[in-house]
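Structural overview for review
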Amino acid sequence: MDVTGEVLLVLELVGEVTAAGIAVGGAKDGVSFRKDCTDLVRRISLLAHLLEEIREFRARPVDDAASAATSDDVDVESESWSSDLVVALRAAKRLLSLAGNFRSKSSSDGTTRRIASLFQSVTWKLEKALSSIPYDHFDISEEVQEQLLNEEIDQGQLGNRLIRSLHIQNNGSIDPEASLKMGAVPESNGSKSHGVNIISYKSKRLGNASDHSEACIVIDIDADGQDNSPNKSLDEIKKLDPIAIPDDFLCPISLELMRDPVIVATGQTYERSFIQRWIDSGNATCPKTQQKLENFTLTPNYALRSLIAQWCAKHNIEQPTGLTNGKIKKSDGSFRDVSGDIAAIRALVRKLSSRSVEEHRTAAAEIRSLSKRSTDNRILIAESGGIPILVNLLTSEDVLTQENAVTSILNLSIYENNKGLIMLAGAIPSIVQVLRNGSMEARENAAATLFSLSLGDENKIIIGASGAIPALVVLLQDGSTRGKKDAATALFNLCIYQGNKGRAVRAGIISALLKMLTDPSNCMVDEALTIMSVLASHHEAKVAIVKASTIPVLIDLLRTGLPRNKENAAAILLALCKRDSDNLACISRLGAVIPLTELAKSGTERAKRKATSLLEHLRKLQQL
């Protein structure tokens, strides 16, 4: 079977594993390992990004000479990685079937431990398969490699790396508008947001607000694959999580405590954001019953929402919103009474819907100010129904109202739970409209809002398909200095998703980046190189970069740029020259060998790797 056929086979298996995971999640009675199964499926689903890049690579035209210079025996390599991955995925599928039917109450502790060890075994199989993939041959982007191999990046680190690469300083400010526009990572509800990693499989069933699943077993496999779980009995482990959430309170898709339960046409209840994503992905059936949905109406389940609130208050558990009976939990564990604040904010939200332009302009300004001050206010504004009304005001003809509305949404998006509400309110098309036609301040804040919302992987896809990228490229070209930096930050984050890279290239981003590289003021060289280094793994971008005569500029930066400039320039040149003898010959003619040799000796660690690899490609080319 050729590589393309192998990729399709593995993609099919990934789909089957995902379907098996949904079946486990939809089980009516308690499944002891349901959370572990969901975590495993979530990790395996990340393989789709890798496989799509491999399939895209196979569709590209290949330079035979360069291919010979960079590959030894691809057929043997591809056969090894794909067979290992097939074995791992089939093992995962069998494990999901076994764990999905397992009930701890009717089984021994030995059986529980055996299933736990199978999760460890599957994890090791995945590790072996991923480590055998010839990433260099398939030209897999660094972002995907790092995500799969646990080398560097999670969502928080992406934001921090972007801040470093853009040399943007916060100067200790806690201004949410400024911090988001500077690429800071939004706050969550008290927990860090880490990227999902396939290899380092961790499932800790501890009693905390972020993991409400029924306790069953503790597995903690470190980066070296060692099982650190203590030899505890099932009863001892259950003591770690004495409160089991009623199954009816958990979303059948996410298996998490519901925040905004809604009823679909079949009568089943789901968390609004998850069922909406299911429908938006083109599915027309109920995930739990597989019955066809006669309509896509989502009816709020107020009765269940009230029961969840009462249950949370009874067990002193923070609700997903952070709001319990008019009180918000503080960082020290105590509660603050915000009932007075709720009344004032609800009154403001009502004014947002006023027919008086002056009244809703004033209300929007006050909402903007409140949303800037604290997390509590961001929670209360969302709970009071402010987000959909603010989204409606994005299309206001009053300039000040529009500016205040988009900036309020920017501030609200800092709180992680609000992101889904903003997306579900259909905000993206209106934000893009502001980005195209608003005042400069409104355009800047619209770009910053898109960056904030795009921190979620699924949102990158939605925003990319909305027409936001061409509007961001325009801002990158003709915006103020602040606007250009906002656009650069948003474009960087959106282009991490492979499917958005082609959109950016077709929107003219390469010419905009080249202009930034050659600008005498040198004020945005870092930003341009950072974005170009992400794009360079995409075939369409490679062609555009070379056609724009960017190679001489990059080689000049190898000689004269700052350390970070040299690092990114080397990374871009390496991406351009892999399997392309013409580009290799070009950089050789332009005198790249000397600066590359110096960089390999004295550059940053990443720069040394890139320069050394480029020099090795040049050496192989000369031997042909």
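Treat the numbers as computed from the prediction; the structure is a model and nothing was measured.

Attention now moves to the overall build of the protein chain. On a plain count of helices and strands, the protein chain comes out with 33 helices and eight strands. Out of the 624 residues belonging to the protein chain, those deemed buried represent 53%. For the protein chain, the proportion of contacts with a sequence separation of at least 24, taken over those separated by at least 6, is 69%. Total accessible area computed for the protein chain in this model is approximately 26900 Å², and 50% of it derives from carbon and sulfur atoms.

On to the pattern of salt bridges. Tallied over the full model, the rule gives 13 salt bridges. Put simply, Asp398 and Arg361 hold a salt bridge, and the shortest N to O gap is 2.7 Å. Residue Asp398 is located in the loop between α17 (386–393) and α18 (399–412), and its partner Arg361 is located in helix α15 (residues 357–373); the two are separated by 37 residues in the primary sequence. Given a relative accessible area of 23%, Arg361 falls into the partly exposed group. Note that Glu605 is salt-bridged to Lys608, the shortest N-O span being 3.7 Å. Here the residue Glu605 and the residue Lys608 both occupy positions in helix α33 (residues 605–623), the gap between them amounting to three residues, near one helical turn.

Positioned with a positive phi, Ser549 is a non-glycine residue whose angle comes to about 60°. Along the chain, Ser549 falls in the loop between α28 (539–547) and α29 (551–560). Phi at Arg579 takes a positive value of approximately 55°, unusual for a residue other than glycine. Residue position: Arg579 is located in the loop between α30 (563–577) and α31 (581–589).

What follows deals with the packing of helix α27 (residues 525–535) against α30. Interhelical geometry of α27 versus α30 gives an angle of 30° and a closest axis separation of 9 Å. Here α30 runs roughly parallel to α27, going by the angle between their axes. In this structure, α27 meets α30 at a crossing whose hand is left-handed. On α30, the residues touching Val525, Asp526, Leu529, Thr530, Met532 and Ser533 of α27 are Asn565, Asn568 and Ile572. Its residues assigned to classes, the contact of α27 with α30 shows four nonpolar, four polar and one charged.

In terms of nonpolar packing, the biggest core is built from 102 residues, with Leu472, Leu476, Ile509, Leu513, Leu535 and Ile587 touching the most fellow members. Here the element with the most residues in this core is α30; it accounts for eight residues. If we ignore the near neighbours within four places in the chain, the residues touching Leu472 are Leu435, Ala447, Leu450, Ala487, Ala490, Leu491 and Leu494.

This paragraph deals with the packing of aromatic side chains. Enumeration over the complete set of coordinates arrives at one aromatic pair. Ring centres 5.9 Å apart and planes at 80° place the aromatic pair Phe249 and Trp311 in the edge-to-face group. Placement of Phe249 in the loop between α11 (234–238) and β3 (261–263) and of Trp311 in helix α13 (residues 302–314) is noted, with a sequence separation of 62 residues between them. When its relative accessible area of 10% is taken as the criterion, Trp311 is described as buried.

With that out of the way, let us pick up α31. Side chains three or four residues apart in an α-helix point the same way, a direct result of the helix having 3.6 residues per turn. For α31, the complete set of buried residues consists of Ser581, Asn583, Leu584, Cys586 and Ile587. Put simply, Asp580 is the residue that caps the front of α31, since its side-chain oxygen is 3.2 Å from the backbone nitrogen of Asp582. Gly591 lies just past α31 and shows a positive phi near 80°.

What follows is about the side chain of Asp526. For Asp526, the position within the fold is in helix α27. Although buried, Asp526 forms no salt bridge, and the nearest oppositely charged side chain, Arg564, lies 6.4 Å from it.

Turning our eyes to something else, we now look at the confidence of the model for the protein chain. Overall, the prediction assigns the protein chain a mean pLDDT of 75, with 72% of residues at 70 or greater. This model gives residues 63–78 a pLDDT under 50, and the stretch forms 21 contacts once residues within four places in sequence are excluded. Ignoring residues within four places in sequence, the model shows residues 178–186, a span with pLDDT below 50, making 34 contacts including any to other chains.

One open sheet holds the three strands; their spatial order is β4-β3-β5, and the pairing between them is antiparallel. The sheet is open, and its two borders are formed by β4 (269–271) and β5 (299–300), each paired with just one other strand. As paired elements, β3 and β5 share two bridges and run antiparallel to each other. The residue bridging Ile263 from the neighbouring strand is Thr299, located in β5. Most of the contacts of helix α12 (residues 272–280) go to β4, to which it runs at about 95°, and overall it touches β3, β4 and β5.

Take Val543: it is sitting in helix α28. The spacing of Val543 and Val505 is 38 residues in sequence and 9.7 Å in space, taken between C-alpha atoms.

To continue, consider the packing of helix α14 (residues 339–352) against α15. The description of two packed helices rests on the angle between their axes and on the distance between the axes. In the contact formed by α14 and α15, the axes pass within 8 Å of each other and the chain directions differ by 140°. Here α15 runs oblique to α14, going by the angle between their axes. Regarding α14 and α15, the two cross each other, and that crossing is left-handed. Residue-level inspection shows Ile345, Leu348, Val349, Lys351 and Leu352 of α14 in contact with α15, the latter providing Glu359, His360, Ala363, Ala364, Glu366, Ile367 and Leu370. Grouping the constituent residues of the contact of α14 with α15 by class yields eight nonpolar, one polar and three charged.

On to the side chain of Ser396, then. Looking at the element boundaries, Ser396 is found in the loop between α17 and α18. Judged by relative accessible area, Ser396 falls into the buried class, the value being 17%. At 3.1 Å, the side chain of Ser396 forms a polar contact with the backbone nitrogen of Asp398.

Here we take up the state of the cysteines. Tallied over the full model, the rule gives zero disulfides. With no disulfide of its own, Cys577 lies closest to Cys586 among cysteine sulfurs, the gap being 7.9 Å. Residue classification places Cys577 among the buried positions, given a relative accessible area of 0%.

Checked against the element boundaries, Asn500 lands in helix α25 (residues 498–506). A relative accessible area of 0% places Asn500 in the buried class. Sequence separation of Asn500 and Ile463 is 37 residues, and the distance between their C-alpha atoms is 9.2 Å. Contact partners of Asn500, with chain neighbours within four places excluded, come to Lys460, Gly464, Ile469, Leu494 and Cys495. Among the polar contacts made by the side chain of Asn500, one reaches the main-chain carbonyl oxygen of Lys460 at a distance of 3.0 Å.

About the thresholds
Residues numbered from 1 in each chain as written. Predicted model: local features only at pLDDT ≥ 70, side-chain atom pairs only at ≥ 80, totals over all residues. Heavy atoms only, no water. Helix = DSSP H or I, 4+ residues; strand = E, 2+ residues; numbered from the N terminus. Buried < 20%, exposed > 50% of the residue type's maximum accessible area, 1.4 Å probe, protein only. Contact = heavy atoms within 4.5 Å. Areas by Shrake-Rupley, 256 points an atom, 1.4 Å probe, with all protein chains shown as cover. Salt bridge = Lys/Arg side-chain N within 4 Å of Asp/Glu carboxyl O. Axes fitted to C-alpha atoms, helices over the stretch in contact; angles between N-to-C directions. Parallel < 35°, antiparallel > 145°, perpendicular 65-115°, else oblique. Left-handed = near helix turned anticlockwise from the far one by under 90°. Nonpolar A, V, L, I, M, F, W, Y, C, P; charged D, E, K, R; others polar. Core = buried A, V, L, I, M, F, W, Y, C linked by side-chain atoms within 4.5 Å. Phe/Tyr/Trp six-rings, centres within 6.5 Å; stacked < 30°, edge-to-face > 60°. Polar contact = N/O pair within 3.5 Å; in protein donor to acceptor, adjacent residues only side chain to side chain. Lys, Arg positive; Asp, Glu negative; His and termini not counted. pLDDT = per-residue confidence, 0-100. Pairing = 2+ DSSP bridges. Disulfide = S-S within 2.5 Å.

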